[in-house]
Structure formats: C-alpha cells, structure tokens
Amino acid sequence: MRSKWRSRVAAAVTFIMMFASFAWAMPITYAANVDSTNVMINGSFEEPEQDGRVPGWQPDEDAAALTVSESVYADGERSLQVERLLPAAGSGAVSDAYAIEPFGNVVMTASVLSDEGKGGKADLRFYDADGKLVSIVSGLVGEPSVKWQSLRVAAAAPKNAAEVKVAFNFNGDQTGRYFVDSVALQTHASSPYLTNLGQQSSSLTLMTAAFGKYKNGQDALFTVAQGDPAQFIVMDVASREVKATHPLVALEAGSEG
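Residues numbered from 1 in each chain as written. Predicted model: local features only at pLDDT ≥ 70, side-chain atom pairs only at ≥ 80, totals over all residues. Heavy atoms only, no water.

Before going further, it helps to examine the packing of aromatic side chains. Using the criterion set out here, one finds 4 aromatic pairs in the structure. Between F170 and Y178, the ring centres sit 5.4 Å apart and the planes meet at 70°, which makes this aromatic pair edge-to-face. Judged on exposure class, the residue F170 and its partner Y178 are both buried. Ring geometry for F222 against F232: centres 6.2 Å apart, planes inclined by 20°, an arrangement best described as stacked. Of this pair, F222 sits in strand 14 (residues 219–225) while F232 sits in strand 15 (residues 230–236), placing them 10 residues apart in sequence. Residue F222 is classed as partly exposed on the basis of its relative accessible area of 22%. (Phe/Tyr/Trp six-rings, centres within 6.5 Å; stacked < 30°, edge-to-face > 60°. Buried < 20%, exposed > 50% of the residue type's maximum accessible area, 1.4 Å probe, protein only. Helix = DSSP H or I, 4+ residues; strand = E, 2+ residues; numbered from the N terminus.)

This is the structure:
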C-alpha cells in the first residue's frame, strides 16, 4: 500500500488551504434535518472545491493545510488524507457544524485506511449555543493495513449541546498518515416520551446484602434495590434466581420519630 501511494503521489491532487488566506474559515452551521438519514455535507470528498475550500470541511485548529487525494480512495475517486510528519506539525480536518438537540443520538461512520504510523482518531465534538466546546467523544483509527476498515463513533448529545462537528486527527504527538472516505453523520432527536421499563430487578448493583436461609432451607441473599418504591429482594444464591420481591413503603415519622 505504501509503495503504491508513493508511486502515484505525482497523480494526487492536493488542495492546500491556509487559514489566513480565505474568508471561508468562518464557522458554518447546517440545520438539523429529522427526515434525513445522513446530514453530512461532502462526506465522500467528491465535490469540487468552491472558492478555494473543500465543501463541508476545513483544516483543524492546529493544522496548516487540508489535503484531498485522488490516488487512494474507498469509493468514488477521492478521499481525505490526514497526515502528520512531525510531532509538532499541524494536521487534521474538521467538518462544518451541524445543529443537534440536547440528549439526541449522534452516530458517525466512515471508511478509514491507515498507511503509516500508529493510526489516528475521529472525534464527535459537541458545542453549546455560544460555540464553546462542551464534550468530545472519540474513536480510534487502527494501525497500518492494506484494507479499508469501518469506523463508528456514537454518543448522546450533552444537555447543553447545540452543535456537533466531526474531526479527524492524531492523539498527542503521534505521527502518521491515514485516509478517510464515505463519512456519514446521523442525528436523531431524543424521544419526548418516557418508557416504563419495569422494576429494576433484572440487572442490579447492590451496595450491601445479607445471607441466610429461605423458606425451604435454601441459601438465599436478602437485599434492597432502590426505586419508587424500593424493593426488598430475595435471591437464590445457587441459581441467582429472584425468588421474591416485596415493595417497601415509606412511613411518615411521628412527633417522637
């Protein structure tokens, strides 16, 4: 893969965008589209540049350039090339912003091909209404491979999130090179309805419990699970089967406590 990339580097089309040179560095936010399964603009990197910029993307904060390659791709005829040759060098790409709703589900998928180094990372970056970064959820790009790999990063938007961006970069001072193609972003608003999931007696974290004998002399565990109301639970130690549950109703204390 590496030799093929080098041999065809002369055929690569590289678009270099300097931060200070173009007005397109101003933030762009796309409205949420609840009827769309993929809201990502130019996730395939096939769209031609417009006014010197790759539609939907720009260099990351510490990056000096954005590079699109025509020599390595998963689909179509182009892919994003993410490269850092020196630990202190700028690198990475970040998408334009997409409007989201608090607590909504956000899923990013992409095809990635690691060429050199130890891979990289993909971020879902959440921002509040003032553009302040409030949360980052990341997925890792694997080590060098001859085959394209699938990458998926999913998260629930924080309660104060208003926008999300997708970014591709490296961890810390890692160096390397990888390619990204077929980026998709799905956003789903949280349900306005509450679902009754029943008593929390099937999967519990028990802070304390007591052991003893149940009705037929079998070994049993006695504990209390939080809830409304709380539940007193009797569980068979051997089979881990819940043998009985009893709701605990709070009693109001009198004047004497």
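It is worth spelling out the sheet that holds strand 14 at this point. Sheet strands pair by backbone hydrogen bonding; their relative direction is either parallel or antiparallel. One open sheet accounts for 4 strands, arranged 13-14-15-16; its pairing is antiparallel. If you trace the sheet from one side to the other, it starts and ends with strand 13 (210–213) and strand 16 (242–248), each paired once. Averaged over all adjacent pairs, the angle separating strand axes in this sheet is 25°, with direction ignored. In this sheet, strand 16 lies alongside strand 15 in antiparallel orientation, the contact comprising 6 bridges. By the bridge assignment for strand 16, V234 is matched with A244. (Pairing = 2+ DSSP bridges. Axes fitted to C-alpha atoms, helices over the stretch in contact; angles between N-to-C directions.)

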